Amino acid sequence: MAKGARKPVNYESFWVVPQLPVPAWQTERHTYDFGGANPGPDVMPSADLAEAAKQVIVEEHNEIVRYPPTYGPDRLRELIVHKMKVHRGIEWAGIDEVLVTNGSAQGIALAMQTTVVPGDVIITHRYVYQGVVRSFNASGAEIVTVDRDEDGMRMDLLEEALAGLKKQGKKVKFLYIIPSPQNPDGTILPLDRREKLMDLAEEYDFLIMEDDCYVDQTLDVDQMPPAIMSLDGGEERVIYIATFSKIISPGVRVGWVTASKPLLERMAGYKQDVGNDYFSGLIVAKYLEDHMDDRIEWLNDRMRHKRDTMLAALGENFGPLVQVRVPKGGMFLWAQFRDGINMSELEVPSMERGVRYLGGPQFSVIGEGKNYARLNYSFPSVEEITNGIAKLADVLREEGAIKE
Ligand SMILES: Cc1ncc(COP(=O)(O)O)c(C=O)c1O
């Protein structure tokens, strides 16, 4: 056949429906990037990671030449068990209860694949990590949201929602919560609410997906309340999801899930990726065996300074036009702009002028929160924070969104 004479392919006959949205991961670089959720290039432990990588190649080359085991390197799982015990009060878990994943995003995906079918009910925060907004909406589940106050998700509202669902004959599959601290609002769920949540999970018989993504970014609290998983009954009810993205880098893609054996085995069955990047897992293990507590403390000193710089810049440039609670941890300011300032519509014009942030509706399963913006302070340098927030105010003035 002559080249170019073949019939075009009709893809419609091949698709699985419905079509999933493409994750809007950022590829462009912006001068002032307040959109991401990464520790910045200025805090990357490059020399120590290079040293760890060198040692891993020398010490573990016999392991790296093979396909990796499904559950990940034992050396890393041992470090994780130690971290969960010391930092999160999770005493019961051994390495058999740890499944290493491709970032915590894979942990969330596996937990969903294992439990959720279209029509199921999932409960979560009113405003929640934009990655789960996309995957929850695409799952065909009914998403019920619960509002918060300054201490995170309100248990009275949750109880009301659960009773209402029960009346309608609906059973909840799981509740997804980011308690320590929340993304985007930075609240930390106190111990009594964690205990109440466990009681409700038992009463209404649902699982809890505890996403502990930002637990190492504790800025102004002496002690983070223990993980929900560490409470009585947590061992069976909770799927605990965590990551090294926030203390090392999300480019490294190393996270994990801890759950009871029956749950973990199901999840591992969906993990058809022939194993995670074993090399990165070992580098993380080696590096953190030597540096974990120093690293977290050092990083948080810098985060605190960046957070305070951003709070000051917002005050200086926006005054009463923006309200923001001081987050006790995490990487974000959840900024509420005066009603009528549509931060969602302003996302693109801001990006065109070099300032990136995420508008509120990205964090809502029903697309509410137009006058909110999530501003990340961990990635930009202190100078970029000061200049970028001033630039954002210029953009809003140029666009006519603010007059003063
Ligand atoms: C709450 C939360 N969970 C999970 C993730 C996914 O992170 P990773 O897959 O890098 O561990 C993020 C990323 O920002 C997040 O904010």
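So, how was this worked out
Residues numbered from 1 in each chain as written. Predicted model: local features only at pLDDT ≥ 70, side-chain atom pairs only at ≥ 80, totals over all residues. Heavy atoms only, no water. Near = heavy atom within 4 Å. Polar contact = N/O pair within 3.5 Å; in protein donor to acceptor, adjacent residues only side chain to side chain. Areas by Shrake-Rupley, 256 points an atom, 1.4 Å probe, with all protein chains shown as cover. Helix = DSSP H or I, 4+ residues; strand = E, 2+ residues; numbered from the N terminus. Nonpolar A, V, L, I, M, F, W, Y, C, P; charged D, E, K, R; others polar. Contact = heavy atoms within 4.5 Å. Axes fitted to C-alpha atoms, helices over the stretch in contact; angles between N-to-C directions. Parallel < 35°, antiparallel > 145°, perpendicular 65-115°, else oblique. Phe/Tyr/Trp six-rings, centres within 6.5 Å; stacked < 30°, edge-to-face > 60°. Buried < 20%, exposed > 50% of the residue type's maximum accessible area, 1.4 Å probe, protein only. Domains from an automatic or database assignment. Buried area = accessible area lost by both parts, 1.4 Å probe. Salt bridge = Lys/Arg side-chain N within 4 Å of Asp/Glu carboxyl O. Patch = residues over 30% accessible without salt bridge, like charges linked within 9 Å, V, L, I, M, F, W, Y side chains within 5 Å. Lys, Arg positive; Asp, Glu negative; His and termini not counted. Charge placed at Lys NZ, Arg CZ, Asp CG, Glu CD. Core = buried A, V, L, I, M, F, W, Y, C linked by side-chain atoms within 4.5 Å.

Right, let's get into the site of the ligand. By nearness alone, 16 residues border the ligand, and Ser 104, Asp 211, Tyr 214, Thr 243 and Ser 245 come closest of all. Between the ligand and Lys 246 there is a distance of 3.0 Å, counted from an oxygen atom to a side-chain nitrogen or oxygen. Measuring from an oxygen atom of the ligand, one finds a side-chain N or O atom of Arg 253 at 2.7 Å. Starting from 400 Å² of accessible surface for the ligand in isolation, the protein chains cover 94%. Broken down by element, the shell around the ligand gets its largest block of residues, four residues, from helix H3 (residues 103-115). Residues of the shell around the ligand, tallied by class, amount to eight nonpolar, five polar and three charged.

With that settled, consider the environment of Val 254. Relative to the assigned elements, Val 254 resides in the loop between strand E9 (238-243) and strand E10 (255-258). Taking the C-alpha atoms as reference points, Val 254 and Gly 281, separated by 27 residues in sequence, lie 6.2 Å from one another. Not counting chain neighbours up to four residues away, the residues in contact with Val 254 comprise Leu 76, Val 100, Thr 101, Gly 103, Thr 243, Phe 244, Ser 245, Ser 280, Gly 281 and Val 284.

As a packed pair, helix H5 (residues 155-167) and helix H6 (residues 191-204) sit with axes 10 Å apart at the nearest point and diverge in direction by 5°. Comparing their axes, H6 and H5 come out roughly parallel. Contact residues: Met 155, Leu 158, Glu 159, Leu 162, Ala 163 and Lys 166 in H5; Arg 193, Lys 196, Leu 197, Leu 200 and Tyr 204 in H6. Its residues assigned to classes, the contact of H5 with H6 comprises seven nonpolar, no polar and four charged.

Counted according to the given criterion, the structure contains eleven aromatic pairs. Residues Phe 244 and Trp 256 carry aromatic rings whose centres are separated by 5.1 Å and whose planes lie at 35° to one another, so their mutual orientation is tilted. You can see Phe 244 sitting in the loop between E9 and E10 and its partner Trp 256 sitting in strand E10, a full twelve residues away along the chain. With respect to burial, Phe 244 and Trp 256 carry one shared label: buried. Aromatic side chains Trp 334 and Phe 363 sit 5.4 Å apart centroid to centroid with 75° between the ring planes, which places their arrangement in the edge-to-face category. Here the residue Trp 334 occupies a position in strand E12 (residues 332-337), and Phe 363 occupies one in the loop between strand E14 (358-359) and strand E15 (372-376), the gap between them amounting to 29 residues. Cluster of aromatic residues (ring-pair linked, three or more members): Tyr 127, Trp 334, Phe 363 and Tyr 372.

What follows is about the domain arrangement of the chain. In terms of domain boundaries, the chain breaks down into domain 1 (26-45 + 294-398) and domain 2 (47-290). For domain 1 versus domain 2, the separation of C-alpha centres amounts to 25 Å. Each side of the interface is counted separately: domain 1 has 31 residues, and domain 2 has 35 residues. Of the roughly 3,100 Å² buried between domain 1 and domain 2, counting both surfaces, carbon and sulfur atoms make up 58%. Summed over the shared surface of domain 1 and domain 2, the result is three salt bridges. The residue Arg 304 makes a salt bridge to Asp 220 at a minimum N-O spacing of 3.8 Å. Summed over the shared surface of domain 1 and domain 2, the result is 16 residue pairs in polar contact (both at pLDDT 80 or more). At the level of secondary structure, the elements contributing two or more residues to the side of domain 1 that touches domain 2 comprise helix H9 (278-318), E12 and E15. Top element by residues in the side of domain 1 that touches domain 2 is H9. It accounts for seven residues. Considered class by class, the residues forming the side of domain 1 that touches domain 2 number 16 nonpolar, eight polar and seven charged.

What follows is about the side chain of Ser 245. Among the structural elements, Ser 245 can be located in the loop between E9 and E10. With residues near it in sequence (within four places) discarded, Ser 245 still touches Pro 39, Pro 250, Arg 253 and Val 254.

Time to look at a negative patch on the surface. A surface patch of negative charge is lined by Asp 192, Glu 195, Asp 199, Glu 202, Glu 203 and Asp 232. The residue Glu 202 is located in helix H6 in this model.

Turning to the environment of Ile 80, a few remarks are in order. Structurally, the position occupied by Ile 80 is in helix H2 (residues 74-88). In this structure Ile 80 touches Val 98, Val 100, Phe 244 and Trp 256, once residues within four positions along its chain are discounted.

Our next topic: the nonpolar core. In this structure, Phe 206, Phe 244, Phe 318 and Leu 375 are the most contacted members of the largest nonpolar core, which totals 86 residues. Among the elements that take part in this core, H9 stands out by supplying 16 residues, more than any other. Those residues in contact with Leu 375 that sit more than four places away from it in its chain are Phe 34, Met 310, Leu 314, Met 331, Phe 332, Leu 333, Ala 335, Tyr 357, Ile 389 and Leu 392. By size, the runner-up hydrophobic cluster in this structure holds 28 residues, among which are Met 112, Ile 122, Leu 264 and Val 365.

For the rest of this paragraph, the subject is the pattern of salt bridges. For the coordinates displayed, the defined rule picks out 28 salt bridges. In this structure, Asp 147 engages Arg 126 in a salt bridge whose closest nitrogen and oxygen atoms are separated by 2.8 Å. Within this pair, whereas Asp 147 is found in the loop between strand E4 (142-146) and strand E5 (148-149), its partner Arg 126 is found in the loop between strand E3 (121-125) and helix H4 (130-138), the two being separated by 21 residues in sequence. For Asp 147, a relative accessible area of 28% gives the class partly exposed. According to the relative accessible area criterion, Arg 126 is partly exposed, its value standing at 28%. Across the salt bridge formed by Arg 237 and Asp 205, the nearest N and O atoms sit 2.9 Å from each other.

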